[in-house]
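# Topology and contacts: notes
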Amino acid sequence: MVAMNPQTWDQDVASIEPGGYLFYDSTRTIPADKFRSDIVVLGVPLTDMTNKAYSDSRQRTLFKNIVGLGALSALLDMDTAVIEKLLADQFKGREKIIAGNIAALHMGREWVKHNLPYPIGLTLKHADSVGDRIFMDGNAAAALGAVYGGATVCAWYPITPSSSVAEAFTKYCGMMRTDKATGKTNVAIVQAEDELASIGMVIGGAWNGARSFTATSGPGISLMQEFIGLAYFAEIPAVIIDVQRSGPSTGMPTRTQQSDLTACAYASHGDTKHVLLIPEDPHECFEFGALSFDLADRLQTPIFVMLDLEIGMNERLTKPLTWDDSRKMDRGKVMTAEELQSGKLFGRYLDVDNDGITYRTYPGTHPSKGAFFTRGTSKDRMARYSEEGHDYQENMERLLKKHRTAATLIPPAIETKADQFTRYGAIYYGSTSPAMAEAAIRLQEMGIHVDLLRVRGFPFGQEVEAFVAAHDHVFVIEQNRDGQMRSMLVNELEVDPKRLGKVVHYDGTPISARFIVQALSTALSSRATEKAVS
């Protein structure tokens, strides 16, 4: 624990595992009762060192972090050449700043060498590779998935933590979507004036047959609600990559949460149900980023790809990205000019296959047949304006049927069985995966056995309903206050709420294995006590 914030000192110290290390600025004397006897304390007078070395107050503030980094590099036996290269890359072309940072780095290292035992019990190991895994962040992976998924229109407005999706898409298009003859990229990337304009452009592009997407976060989703409802009711494909952060309102823009589930699953007024894809790592961000465009076209509806800040902005080791070059785009039910000319019956909202999905045409496919315009009002099967109750109700029931069809197309949930038979289960999703995997091992070592189910999308497939039915009690682990996934399970599967335990973590930091172990072991111990008493 590197404790640099006096306001959080008590929490920082309390969070350290027994036998762990506390690194802090020892310039000011801290009372003995503010430490713990079961941890190793490493005090380095960072403020005193920088005050003596620099007269400028700004330099003192900026270089203190680098002095601290230098001290840590000695304590952890880090290769200084690697750090020096990173500093040179960061401040390329500004030689004085590079030299100043390197001097501050070595100041911290030298102090440790003369005053503390080093290296400590924790050290870093240099490695050029870790198996076959790659190092990538989820936003970049999702953007690359959009390129492979055939996206040609990106309309977006900058917002933390999603901006790098559009930036990465722009970079990858420069590499892979450039016409060799003209040097121009054959995509439309527009930074709109706001999120409302961006989703409007996406819907316009998609209505005309382009694979279109936007990237945003919770506040953007709030602004897009009316247009999302239009795309749902007019049945226009669209992809929305939502990199979730803490809310409501501005919330904590640089903190992570899984708090947009219900806002996206039921976005807009009226009765709506949308498709969500929920990746666990950059590998799935790439896969789902590409898949989302096939699903949007096939289902003719908005598709939400639900990242969060933790998975989106932080680089992590992940499986290599793979692609089948024989894979074809699934454009769904699109009627051609030849079919229209031959007299084939076309009703824009006519369900001929009984799966809730109708045929569409791209505007201008035929000079006089097919659809040229659309609207967000109620209509009959042939797209004629209608406020007749039976027309409206028939259309809404068909949309619900389409949603049930979607459940057969999205990636199914993945179940992991405990080593021993158990009547307890846990449902989790997204970036919670690494913590859940570690927690499962720790729980097993404690003699606590829990079957796991990682949900990868909405609507829920039959495997989710079967998992809940097969267990007496299921804990739903998520990173928001209200247990949004739990609420959706209760609402969609009509499960008795008492059978679903709520395990929530929402302070803005990524959920930890320690938190999950503590929550499940306490809850299961309590349930065992209740059974014994009864």
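The text that follows walks through the structure, step by step, so that each part is easy to find. This structure is a prediction, so every number in the text was calculated from the model and none was measured.

## A look at the sheet that holds strand E12 (residues 414-416)
Read from one edge to the other, the open sheet built from 5 strands follows the order E12-E14-E13-E16-E17, with strand pairing classed as mixed. Since the sheet does not close on itself, it has two edges, and those belong to E12 and strand E17 (500-504), each with one partner. Put simply, the sheet's adjacent strands are angled 20 degrees from each other on average, direction ignored. Pairing analysis gives 5 bridges linking strand E13 (residues 424-429) to strand E14 (residues 451-455), with the strands arranged parallel. Within E14, the position partnered with Gly425 by the bridge is Asp451. Of the strands in this sheet, E13, E14, strand E16 (473-478) and E17 touch helix H18 (residues 484-493), which is tilted by about 135 degrees from E16.

## Observations concerning the pairing of strand E5 (residues 153-156)
Burial along E5 is two-sided: Val153 and Ala155 facing one way and Cys154 and Trp156 facing the other are all buried. Bridging between E5 and strand E6 (residues 188-191) involves 4 bridges; their strand directions are parallel. For Trp156, the partnering residue across the bridge sits in E6 and is Gln191. With helix H7 (residues 163-176) bridging E5 and the parallel E6, this β-α-β connection has right-handed handedness.

## Thoughts on the packing of helix H3 (residues 57-75) against helix H5 (residues 95-115)
Close contact between H3 and H5 brings their axes to 7 Å; oriented N to C, the two are set at 45 degrees. The angle between the axes of H3 and H5 places the two elements in the oblique class. In this structure, H3 meets H5 at a crossing whose hand is right-handed. Across from Phe63, Ile66, Val67, Leu69, Gly70, Ala71, Ser73, Ala74 and Leu75 in H3, the residues of H5 making contact are Gly100, Asn101, Ala104, Leu105, Met107, Gly108, Arg109 and Val112. Along the lines of polarity and charge, the residues of the contact of H3 with H5 split into 11 nonpolar, 5 polar and 1 charged.

## Remarks on the pattern of salt bridges
Scanning the model with the defined rule gives 29 salt bridges in all. Among the ionic pairs, Lys85 bridges to Asp89, the shortest N-O distance being 3.1 Å. Taken together, the residues Lys85 and Asp89, both in helix H4 (residues 80-90) and 4 residues apart, mark about one turn of the helix. Overall, the relative accessible area of 47% leaves Asp89 in the partly exposed class. Put simply, Asp380 and Arg384 hold a salt bridge, and the shortest N to O gap is 2.8 Å. Overall, the relative accessible area of 13% leaves Asp380 in the buried class. Because the salt bridges share partners, they merge into one network encompassing Arg211, Asp294, Asp297, Arg327, Arg331 and Arg360.

Rules used throughout
- Every chain is numbered independently, its residues counted from 1 as its sequence is written.
- Side-chain atom pairs in this predicted model are given and counted only at pLDDT of 80 or more, local residue features only at pLDDT of at least 70, and totals for whole chains, interfaces and linings cover all residues.
- Just so you know, side-chain values use all the structure's heavy atoms and leave hydrogens and water out.
- Two strands form a pair only when DSSP identifies at least two bridges running between them.
- Going along the chain from the N terminus, every DSSP run of H or I of four or more residues is numbered as a helix, and every run of E of two or more is numbered as a strand.
- Axis lines are fitted through C-alpha atoms, for helices just across the contact stretch, and the angle between N-to-C directions can take any value from 0 to 180 degrees.
- Should any heavy atoms of two residues lie within 4.5 Å, those residues are counted as being in contact.
- Three labels apply to residues, based on accessible area from a 1.4 Å probe with only protein chains included: buried if under 20% of the type maximum, exposed if over 50%, partly exposed otherwise in between.
- When the strands point away from the viewer, a crossover counts as right-handed if the path from the first strand over the helix to the second runs clockwise.
- Each angle is binned into one of four classes, with values under 35 degrees roughly parallel, values over 145 roughly antiparallel, values of 65 to 115 roughly perpendicular, and all other values oblique.
- What makes a crossing left-handed is the near helix being turned counterclockwise from the far one by less than a right angle; a clockwise turn instead makes it right-handed.
- In this count, Pro and Cys sit with the nonpolar residues alongside Ala, Val, Leu, Ile, Met, Phe, Trp and Tyr, while Asp, Glu, Lys and Arg are called charged and the others, Gly among them, polar.
- One side-chain nitrogen of Lys or Arg within 4 Å of one carboxyl oxygen of Asp or Glu is enough to make a salt bridge.

In short, the description is geometric, and any link to function would need to be established separately.
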